[in-house]
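# Analysis of the macromolecular model
So the chains spell out like this:
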Amino acid sequence: MEKYTEKDRVEIYKKVRKTLQQVKEAPVEVTVSKKTRKDIAELNKIEIPPFSKQLKKFKQLPLQSDSFEILQINLGYLCNQVCNHCHVNAGPSRKELMSVKTMKDCLKAIDAGNFHTVDLTGGAPEIHPDFKWFVKELSQRNIKIIVRSNLTILTFHKAYEDLPTFFAAHQVEVIASMPCYTVENVDKQRGEGVFDASIEGLQKLNETGYGRTDSNLKLHLVYNPGGPSLPGDQESLEADYKRMLSANFGIVFNKLYTITNMPISRFLNDLKKSGKLLDYMRLLVDNFNSASVENLMCRNTVSIRWDGTMYDCDFNQMLDLPILGAVKNIENFNELVLEKRNIVVQNHCYGCTAGAGSSCQGALS
Ligand code: SF4
Ligand code: SF4
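A short tour of the structure in this document, coming up. (Residues numbered from 1 in each chain as written. Chains lettered and ligands numbered in written order. Predicted model: local features only at pLDDT ≥ 70, side-chain atom pairs only at ≥ 80, totals over all residues.)

### Quick look at the sheet that holds strand S2 (residues 117–121)
Strand order across the open sheet formed by eight strands is S6-S5-S4-S3-S2-S1-S7-S8, with mixed pairing between neighbours. A strand with exactly one partner marks an edge of an open sheet, and here the two such strands are strand S6 (256–258) and strand S8 (310–311). Where strand S4 (residues 173–177) lies against strand S5 (residues 219–223), four bridges are found, and the strand directions are parallel. The residue of S5 that forms the bridge with isoleucine 175 is histidine 220. Running at roughly 180 degrees to strand S1 (residues 70–74), helix H4 (residues 100–112) makes contact with S1, S2 and strand S7 (301–304) of the sheet. (Pairing = 2+ DSSP bridges. Helix = DSSP H or I, 4+ residues; strand = E, 2+ residues; numbered from the N terminus. Contact = placed C-beta atoms within 7 Å. Axes fitted to C-alpha atoms, helices over the stretch in contact; angles between N-to-C directions.)

Here it is as structure tokens:
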């Protein structure tokens, strides 16, 4: 895991700059890693009822999209952090970044479609060299803009210092990762020094008006468990977070979203290494909640990879399971292709239906 002390921050910044330069000189080709295929095979091997069978039992197969309201755009896998549980496997050396051409394809799809929200994610989406241009373009459209921020980017380097005011000027809603209100838990999961940098980032957002009751600038936090367990009750956790962050740091925010750790990518590796994969998958299966299926995020969201490929969600993107049908890339976007499409489901989907359910907007039921 990358450290996050002042000295290390400078080193990571240099690494990020080097990666950006390399991408400029030689854009990355798309390859599907063998590891992705191995992850899917690994989950299919485990002795649990296949997710599709579970849906069938509850008369919810095929799982279909209802509408497409949210366009979630992954601007690339480059990030200033290397968190333990990252489902994107992001870091300072990842070279996959969305081209301006693909960004323009996304804008065309927004102009042609009925999306009410665009949700920018990564990596650290703010690191993308054309991030600000893209947000400015989006803000000229009648659409809600969400940026998923890791918070540390706000204090990472002076090049990013103006982000809170930039967000505010373009009415961006910020959803920020903050897996706990204690330094121990955050640093264990996200790297040494990340908690302090995140607190600093939150204070900067509050100073700009984010999360305050007298302002319309929304700031939501995201919690995920530190290990192989289900998140606690969202409302109670939100109350704990509000009490602790306010008492210790004077921080305020709007909502807390609880998210279950998906058994893919780095978290899957952790589970395998610690011999807890089977137990975790059984925990997810045993807590299958059929009521969550109605609100699964794949039913109203389309996720776009950095090269324009379309997926039912960010997790399917990481496993390279594109949407079904002949049209796979946003450059050929067509509302009819996305309407009432069958969603690609595999065993990792149990992560979205366990307990209170889980999505990029928190609990589902
Ligand atoms: S979890 Fe977020 S902040 Fe951490 S490495 Fe992944 S993309 Fe970066
Ligand atoms: S991982 Fe979750 S959001 Fe994605 S397709 Fe499966 S159930 Fe839907």
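### Side note on the site of ligand 1
With respect to spatial proximity, the complete set of residues near ligand 1 consists of Cys79, Gln81, Val82, Cys83, Cys86, Val88, Ala90, Gly122, Gly123, Ala124, Asn150 and Ser177. Within the shell around ligand 1, the residues separate by chemical class into seven nonpolar, five polar and no charged. (Near = placed C-beta within 6 Å. Nonpolar A, V, L, I, M, F, W, Y, C, P; charged D, E, K, R; others polar.)

### Some points on the environment of leucine 75
Note on placement: leucine 75 falls in the loop between S1 and H4. Judged by the 28 C-beta atoms lying within 10 Å of it, leucine 75 falls in the buried class. Along the primary structure leucine 75 and glycine 123 are separated by 48 residues, whereas in three dimensions their C-alpha atoms are 7.5 Å apart. (Buried ≥ 20, exposed ≤ 12 C-beta atoms within 10 Å, placed from the backbone.)

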